[in-house]
Amino acid sequence: MALFLQFIIVLSFSLFPRIVEACAVCFSGKEESLEAFYLTTVLLTLLPLVMLSLIGYWLYRQYRKEENVS
Amino acid sequence: MTTTSSQSVLLATSESSLPRQPKRAEPPVSSGVIGMLLFMVTEVMFFGALISAYLVIRAGLDEWPPWGQPRLPIETTAINTLVLLVSGFLMSYSRNLFKKKNISEGRKWFGYSILLGTFFFISQGYEWAQLIKFGLTVSSSVYGGLFYLIIGAHGFHVIGTLAFLIYAWNRLGAPVNPITSEEIFPVQLLWYFVVCVWPVLYVLVYLD
């Protein structure tokens, strides 16, 4: 019963939606700051993916080359 | 002379009596190189984070560089940048000589590359001393703080890699327990990284 009540209370929060701004700087800063945030977020997200993919592909090529020789 | 039972066991298990094991094939890429490549990924992320912090802080300020702060020596650092790039080129040239088994000649150009790297480091140190004299310190402004953080991080990488390179140069072809030209390739890779990241920092911090 207690669990059910907790569930209902938590569910009732969805009746009063509000916008939550997790990062105050991101939404209240200048336009230039916003652009810098977006740009650097994209940069730091894509960098490891690109680098690890390139290294993986390069290793694959090296091993394939070795197989073809032998 | 008769052999005891323990001696006969030793004879039976000696190297000559064992069936010949097939020679283990060399992997196309050494573990050292793979390890260094993964380390370089973390290094790129480290510098990526510093650059990101620089861009975000800079974007939030109206005036850059801030008023009253000394300007950075663009021309002197341009010459330094050229010296570092030549050092990277010489490192690549020595690598080619090592591949052709011309170890003594390769070692010579490897040494020249280290010398140019050392010149870069000393010259940057002199530049820092001048900037501190003119009032640009870590605590003077966010400009000074970012400058010393980013350029200092690169400087630490230069001195660390140079220490490894000098050690490798010393041990290359040493009479006792030498290291091979293949074994120093990971450190050469690290030097390429240090050389390649500098022009990015130069354009970003000095020119932009």
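Refer to the structure above for everything that follows.
On a predicted model such as this, the values are computed, not experimentally measured, just so you know.

This brings us to the interface of chain B and chain A. Often, the extent of an interface is quoted as the loss of accessible area on bringing the components together. Between chain B and chain A, the residue contacts involve 20 residues of the former and 19 residues of the latter. Carbon and sulfur atoms make up 82% of the surface buried where chain B meets chain A, a total of about 1,600 Å² over both sides. When the area that chain B buries against chain A is broken down by residue, the three leading residues are B:Pro28, B:Met45 and B:Val56, summing to 30%. Counting every contact that joins chain B to chain A gives zero salt bridges.

Attention now goes to the nonpolar core. As a rule of thumb, soluble globular proteins bury nonpolar side chains together. Of all hydrophobic cores here, the largest spans 53 residues; its most connected members are B:Phe147, B:Trp191 and B:Val205. For this core, the secondary-structure elements that each account for two or more residues are α3 (31–69) of chain A together with α2 (31–59), α3 (74–99), α4 (103–133), α5 (142–171) and α6 (185–207) of chain B. In terms of residue count, the dominant contributor to this core is α6(B) (16 residues). The contacts of B:Phe147, once residues within four sequence positions are left out, are B:Leu72, B:Glu127, B:Trp128, B:Leu131, B:Leu136, B:Gly152, B:Val205 and B:Tyr206.

Attention shifts here to the pattern of salt bridges. Residues and elements named next belong to chain B. Tallying each qualifying case throughout the model produces two salt bridges over all chains. Glutamate 182 is paired through a salt bridge with arginine 95; the nearest N and O atoms lie 3.4 Å apart. Of the two residues, glutamate 182 is situated in the loop between α5 and α6 and arginine 95 in helix α3; the sequence distance between them amounts to 87 residues. Residue classification places glutamate 182 among the partly exposed residues on the basis of a relative accessible area of 46%. Linking glutamate 105 and lysine 108 is a salt bridge whose minimum nitrogen-to-oxygen distance equals 3.3 Å. Residue glutamate 105 and its partner lysine 108 are both found in helix α4; the two are separated by three residues, about one turn of the helix. Classification of glutamate 105 by relative accessible area gives partly exposed; the value is 28%. Take lysine 108: its relative accessible area is 38%, and that puts it in the partly exposed class.

The rules behind these values
Residues numbered from 1 in each chain as written. Chains lettered and ligands numbered in written order. Predicted model: local features only at pLDDT ≥ 70, side-chain atom pairs only at ≥ 80, totals over all residues. Heavy atoms only, no water. Contact = heavy atoms within 4.5 Å. Buried area = accessible area lost by both parts, 1.4 Å probe. Salt bridge = Lys/Arg side-chain N within 4 Å of Asp/Glu carboxyl O. Core = buried A, V, L, I, M, F, W, Y, C linked by side-chain atoms within 4.5 Å. Buried < 20%, exposed > 50% of the residue type's maximum accessible area, 1.4 Å probe, protein only. Helix = DSSP H or I, 4+ residues; strand = E, 2+ residues; numbered from the N terminus.

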